[in-house]
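As a plain string of letters, each chain reads:
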Amino acid sequence: MDITKPNGKIYKKRYIGHKQNKSPVDSLNNTISPTLNSLVNQNNFYNPIECFFNKNLFLFIKITNQVLRYMMWLNPAKSMNKKHVGYLIIILFIAGYFRFVGVNWDQNQHLHPDERFLTMVATGITWPATFKDYLDTKTSSLNPHNKGFDFYVYGTWPVIFVKWVAEQVNMGSYDGVTIVGRVVSGIIELLTVVLVFIIALLLSKKTNVGLVASGIYACMILPIQLAHFFAVDPYLTFFLTFSFYVLLKKSNGMLLGFVFGLAISAKISALLFFPIV
């Protein structure tokens, strides 16, 4: 379409339609979303765990779409093209498969002792009547020590967060909390894969380096193993990695303190990195 400017010059206005300049992110979303929508809307799920997992898979597609759009807009290396985005999508789906396959690996037998303990704590604590009651550690019903778990040594916010998510999706039972905790661990591990990509990109200014780094982390055994447990270690890893990213960006010190504080409040061993921060 030709448009004439006030100065008399003519230029062509280019419209970006749905079929023009379509990114791999759009293609992936348009291909998979209808299938997932029909899957989620089915009412013949005999297993609530299967239903919960499929709904979160759909949510993961949507979140991945938005994250990749933001990364293309941010583009810290100024060299990330659609081909690179396609490779990153493949890496994220490989990472997602490894982290979510067999989410109910023990068939509700609760074989992992630490995970079983966190599940007991999550189902044992209760919501306080007021926020003031929560702040009183001696009487707070969210304090595991007030519920008979005197040997609880982890941070409480991951357990409280998983408890809240589980109740929102009607999976607040003993078996349900464990499954929700594992799914949340997997999602946080996926976000760590994205952070590894961004950090490698910032350090090297080369997109290929970021892809290799994120691809290696996506296939590492220990992160995959921890993603299958309702444990605090994925939270610790993510927020320590996030702290490193904030350091590289030289962002506001308050943000660094907040992110590093979340790492410490997940697991006290994060203090080992205090000299670096």
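One numbering rule holds for all chains: residues counted from 1, following each sequence as written. This being a predicted model, a pLDDT of at least 70 is required before a residue's local features are given, and a value of 80 or more before pairs of side-chain atoms are given or counted; all residues contribute to the totals for chains, interfaces and linings. As a convention, hydrogens and water are excluded, and side-chain values are obtained from all of the structure's heavy atoms.

*Asks:* Honestly, the packing of aromatic side chains in this entry has me stumped. Any pointers?
*Replies:* We describe a pair of aromatic rings using the distance from one ring centre to the other and the angle between the two ring planes. We call Phe, Tyr and Trp rings a pair once their centres come within 6.5 Å, taking the six-membered ring for Trp, and we label the pair stacked below 30 degrees between planes, edge-to-face above 60, and tilted otherwise. Counted according to the given criterion, the structure contains 13 aromatic pairs. Relative to F149, the ring of F117 has its centre 5.9 Å away and its plane inclined at 75°; by these criteria the two rings are edge-to-face. Separated by 32 residues along the polypeptide, F117 in helix α4 (residues 113-124) and F149 in the loop between α5 (131-135) and α6 (157-168) bring together distant segments of the chain. Among the residues examined, F117 registers a relative accessible area of 22% and is labelled partly exposed. One aromatic cluster is present, formed by W157, F161, Y235, F238, F239, F242 and Y245 through successive ring pairs. Helix and strand definitions follow DSSP, with helices as H or I runs of at least four residues and strands as E runs of at least two, each counted in order from the N terminus. Accessible area is worked out with a 1.4 Å probe on protein chains only. A residue is then buried under 20% of its type maximum, exposed over 50%, and partly exposed in between.

*Asks:* Honestly, the pattern of salt bridges in this entry has me stumped. Any pointers?
*Replies:* Opposite charge on two side chains permits them to pair, given that their charged atoms come into close proximity. Salt bridges are defined as contacts in which a side-chain nitrogen from Lys or Arg sits within 4 Å of a carboxyl oxygen from Asp or Glu. Scanning all chains against the criterion turns up five salt bridges. A salt bridge links E167 to K163; the nearest nitrogen and oxygen atoms lie 3.4 Å apart. Highlighted residues: E167 and K163, both in helix α6, separated by four residues, approximately one helical turn. By relative accessible area, K163 is classed as buried at 8%. What emerges from the salt-bridge pattern is a single network uniting D106, E115 and R182.

*Asks:* Any chance you could explain the nonpolar core here in plain terms?
*Replies:* The tendency in soluble globular proteins is for nonpolar side chains to be buried as a group. To form a nonpolar core, buried Ala, Val, Leu, Ile, Met, Phe, Trp, Tyr and Cys residues must be joined to one another through side-chain atoms within 4.5 Å. Of all hydrophobic cores here, the largest spans 54 residues; its most connected members are V159, V180, V193, F230 and Y245. Of all the elements in the fold, those that place two or more residues in this core are α3 (82-100), α4, α6, α7 (174-204), α8 (207-218), α10 (233-249) and α11 (253-266). Those residues in contact with V159 that sit more than four places away from it in its chain are L118, V121, A122, I125, Y152 and F230. Any two residues whose heavy atoms approach within 4.5 Å at even a single point are treated as in contact.

*Asks:* So what exactly am I meant to see when it comes to the environment of I187 here?
*Replies:* The residue I187 is located in helix α7 in this model. Between the alpha carbons of I187 and F100 there is a distance of 8.8 Å; along the sequence they are 87 residues apart.

*Asks:* For this particular structure, what's the right way to read a nonpolar patch on the surface?
*Replies:* Nonpolar side chains (Val, Leu, Ile, Met, Phe, Trp, Tyr) are joined into patches within 5 Å and like charges within 9 Å, using only residues with over 30% relative accessible area and no salt bridge. Here the Shrake-Rupley method, with its probe set to 1.4 Å, supplies the accessible areas, and only the displayed protein chains count as covering residues. A cluster of nonpolar side chains, Y87, I90, I94, Y97, F98 and V101, forms an exposed patch at the surface whose accessible area comes to about 550 Å². Summarising the element assignment, V101 is placed in the loop between α3 and α4. Judged by relative accessible area, V101 falls into the partly exposed class, the value being 38%.

*Asks:* Looking at this model, I keep getting lost on the environment of G155. Mind explaining?
*Replies:* Relative to the assigned elements, G155 resides in the loop between α5 and α6. You can call G155 buried: its relative accessible area is 12%. Taking the C-alpha atoms as reference points, G155 and A263, 108 residues apart in sequence, are found 9.0 Å from one another.

Purely spatial values, then, with no claim about function.
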